[in-house]
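Breakdown of the fold
So you can see what is in the structure, the chains are spelled out below.
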Amino acid sequence: LTSAAVLGVETVKLVLSLLYIQFVEKKPLSSAVEFIKQDRRNTILMAVPATLYSIQMTMEYIALSNLDASVFSVLVQTKLLTTAGCAVIVLRRSIRKVQLISLFLLTIGVMLCNMKDGTSGEKQDAEMDTTKGI
């Protein structure tokens, strides 16, 4: 079911992109194929992050089906923090003070929104597997 959802989303993106080329750019659909053939190197290079994105989306569907919504939203928030961390470490980019404060406040905000009311003993669905979700 998850791979079907990801495939459906990607198919809708492809159709909308082709409609944009045909109606807004006023070019034939064959121009997209020609562009891919002419710029083969960049097409192959772009296939790597596109494939990783599809895998990530599949994993997010699996996580969402196995985690509580609040836990899932906190985990998705860590994706933003990880991206910022990789930009600093791998790409050697600097983060301005305002950006750092924004990341911190965004993280705190998501955590505060997802805090439980203090009631313990909530039952988790039998179908949910937290370990599989994470």
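Just so it is clear, the structure is predicted and the values come from calculations on it, not from any experiment. (Residues numbered from 1 in each chain as written. Predicted model: local features only at pLDDT ≥ 70, side-chain atom pairs only at ≥ 80, totals over all residues. Heavy atoms only, no water.)

This part covers the overall build of the protein chain. Scanning the protein chain from terminus to terminus reveals six helices and zero strands. By the burial criterion, 11% of the 134 residues in the protein chain qualify as buried. In the protein chain, of all internal contacts separated by at least 6 residues, the share reaching a separation of at least 24 is 63%. Accessible surface, the protein chain as shown: approximately 10900 Å² in total, 68% of it carbon and sulfur. (Helix = DSSP H or I, 4+ residues; strand = E, 2+ residues; numbered from the N terminus. Buried < 20%, exposed > 50% of the residue type's maximum accessible area, 1.4 Å probe, protein only. Contact = heavy atoms within 4.5 Å. Areas by Shrake-Rupley, 256 points an atom, 1.4 Å probe, with all protein chains shown as cover.)

The grouping of Val12, Val15, Leu16, Leu19, Tyr20, Phe23 and Val24 at the surface amounts to a nonpolar patch, some 670 Å² of accessible area in total. For tyrosine 20, the position within the fold is in helix 1 (residues 2-23). Residue tyrosine 20 is classed as partly exposed on the basis of its relative accessible area of 44%. (Patch = residues over 30% accessible without salt bridge, like charges linked within 9 Å, V, L, I, M, F, W, Y side chains within 5 Å. Salt bridge = Lys/Arg side-chain N within 4 Å of Asp/Glu carboxyl O.)

Looking at the protein chain as a whole, the pLDDT averages 83, with 87% of positions reaching at least 70. Confidence scores differ between elements of the protein chain, with helix 6 (residues 130-133) showing the lowest mean pLDDT of 67 and helix 2 (residues 30-38) the highest of 90. (pLDDT = per-residue confidence, 0-100.)

In this section: the pattern of salt bridges. Inspection of every chain in the model, using the stated rule, returns two salt bridges. For glutamate 10, the salt bridge identified is with lysine 13, shortest N-O distance 3.3 Å. Pair noted here: glutamate 10 and lysine 13 are both in helix 1, with a separation of three residues, about one helical turn. Owing to a relative accessible area of 26%, glutamate 10 belongs among the partly exposed residues under this scheme.

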